[in-house]
Amino acid sequence: EAMRAREYPGSDIVIERVLDPGVNYNRYYVSYLSDGLKIYALMTVPNGEKPFTGWPVVIFNHGYIPPNVYRTTERYIAYVDQIARSGYIVFRSDYRGHDRSEGRAGGVYTGPNYTIDVLNAVASVKQYPDADPNRIGMWGHSMGGYITLRSMVVSNDIKVGVIWAGVVA
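These remarks concern the structure in this document. (Residues numbered from 1 in each chain as written. Predicted model: local features only at pLDDT ≥ 70, side-chain atom pairs only at ≥ 80, totals over all residues. Heavy atoms only, no water.)

## A short note on the environment of A78
Part 1 of the argument: Positionally, A78 belongs in helix α2 (residues 77–85).
Part 2 of the argument: Looking at A78, the relative accessible area reads 57%, which means it is exposed.
Part 3 of the argument: As a C-alpha pair, A78 and Y114 span 36 residues in sequence and 23 Å in three-dimensional space. (Helix = DSSP H or I, 4+ residues; strand = E, 2+ residues; numbered from the N terminus. Buried < 20%, exposed > 50% of the residue type's maximum accessible area, 1.4 Å probe, protein only.)

So, in structure tokens, the structure goes:
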């Protein structure tokens, strides 16, 4: 109830750095705001003619990686690549306290902060001009599966979810 009662305004997505492109998509190191904190993410955007309503989006929620070891451009590369090559914007948020993202990392099971960051990512992507705000899905692994489930319970903006080995018992 408390999570549904609050707002997740997101922000404009800022392209911090252009990365090497994929086969048929561009890759960016981006940032957005969540609870006043600057959160970084990896974002892919397909090449080619954008569909009339915009590209469909997959918010990609990574599993637990120690925050001091996590790097935005590492891990889950093959999964992000496969989804991106299939014509989706992929947005993989760091979560607060991971890599260069501001804030204090915390346990996902003891507080809502990572879910808040992901819901602000959804709001930010909805504002992105190349995205279709009505076709946003979520994919989560392990801890990211937990975040996916919690996010889908809170927001009707997420139309479909995939939970891979989620910690959701």
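That shown, we press on.
## Re the pairing of strand β6 (residues 131–141)
Part 1 of the argument: Burial runs high along β6: 8 of the 11 residues are buried.
Part 2 of the argument: Here strand β4 (residues 55–61) pairs with β6 via 6 bridges, running parallel. Counted as the bridge partner of F60 is W139 from β6.
Part 3 of the argument: Bridging between β6 and strand β7 (residues 158–164) involves 6 bridges; their strand directions are parallel. Paired with G137 across the two strands is V160, which belongs to β7.
Part 4 of the argument: Since β6 and β7 lie parallel, the crossover through helix α4 (residues 143–154) that links them has a hand, and here it is right-handed. (Pairing = 2+ DSSP bridges. Right-handed = clockwise from strand over helix to strand, strands pointing away.)

## Brief notes about a nonpolar patch on the surface
Part 1 of the argument: Side chains of L149, V153, I163 and V168 sit close together on the surface and give an oily, nonpolar patch of about 280 Å² of accessible area.
Part 2 of the argument: By the element assignment, V168 lies in the segment after β7. (Patch = residues over 30% accessible without salt bridge, like charges linked within 9 Å, V, L, I, M, F, W, Y side chains within 5 Å. Areas by Shrake-Rupley, 256 points an atom, 1.4 Å probe, with all protein chains shown as cover. Salt bridge = Lys/Arg side-chain N within 4 Å of Asp/Glu carboxyl O.)

## Here we look at the packing of helix α3 (residues 113–127) against α4
Part 1 of the argument: Contact geometry for α3 and α4: axes closest at 9 Å, N-to-C directions at 65°. Considering only the axes of α3 and α4, their crossing is right-handed. Residue-level contacts link Y114, T115, V118 and L119 of α3 to M143, I147, R150, S151 and V154 of α4.
Part 2 of the argument: Here the residues of the contact of α3 with α4 are counted per class, giving 6 nonpolar, 2 polar and 1 charged. (Axes fitted to C-alpha atoms, helices over the stretch in contact; angles between N-to-C directions. Left-handed = near helix turned anticlockwise from the far one by under 90°. Contact = heavy atoms within 4.5 Å. Nonpolar A, V, L, I, M, F, W, Y, C, P; charged D, E, K, R; others polar.)

## Some remarks on the pairing of strand β1 (residues 14–19)
Part 1 of the argument: Taken together, the 5 bridges between β1 and strand β2 (residues 25–34) define a ladder with antiparallel strand orientation. Bridged to L19 within β2 is R27.
Part 2 of the argument: Following β1, the chain reverses through 5 residues before pairing antiparallel with β2.

## Considerations on the packing of aromatic side chains
Part 1 of the argument: The final tally for this structure, using the stated rule, is 10 aromatic pairs.
Part 2 of the argument: Relative to Y76, the ring of F60 has its centre 5.4 Å away and its plane inclined at 70°; by these criteria the two rings are edge-to-face. Note that F60 is positioned in strand β4 and Y76 in the loop between β4 and α2, a separation of 16 residues in sequence. A single burial state applies to F60 and to Y76, both of which are buried.
Part 3 of the argument: Here a set of aromatic residues connected by ring pairs shows up, and it is made of F60, Y76, Y79, W139 and W164.
Part 4 of the argument: Positioned above the aromatic ring of Y40, the side-chain terminus of R100 is 4.6 Å from the ring centre. (Phe/Tyr/Trp six-rings, centres within 6.5 Å; stacked < 30°, edge-to-face > 60°. Lys NZ or Arg CZ within 6 Å of the ring centre and 35° of its normal.)

## Focus: the sheet that holds β2
Part 1 of the argument: Ordered in space as β1-β2-β3-β5-β4-β6-β7, the 7 strands form an open sheet in which the pairing is mixed. Both edges of this open sheet fall to β1 and β7, since each of them pairs with a single strand only. The mean angle between the axes of side-by-side strands here comes to 25°, regardless of whether they run parallel or antiparallel.
Part 2 of the argument: Note: β4 against strand β5 (residues 89–93), 3 bridges, orientation parallel. Paired with V57 across the two strands is I89, which belongs to β5.
Part 3 of the argument: α2 contacts β2, β3 (37–46), β4, β5, β6 and β7 of the sheet and is inclined by roughly 150° relative to β5.
Part 4 of the argument: Helix-sheet contacts for α3 involve β2, β3, β4, β5, β6 and β7, and the interaxial angle to β2 is about 120°.

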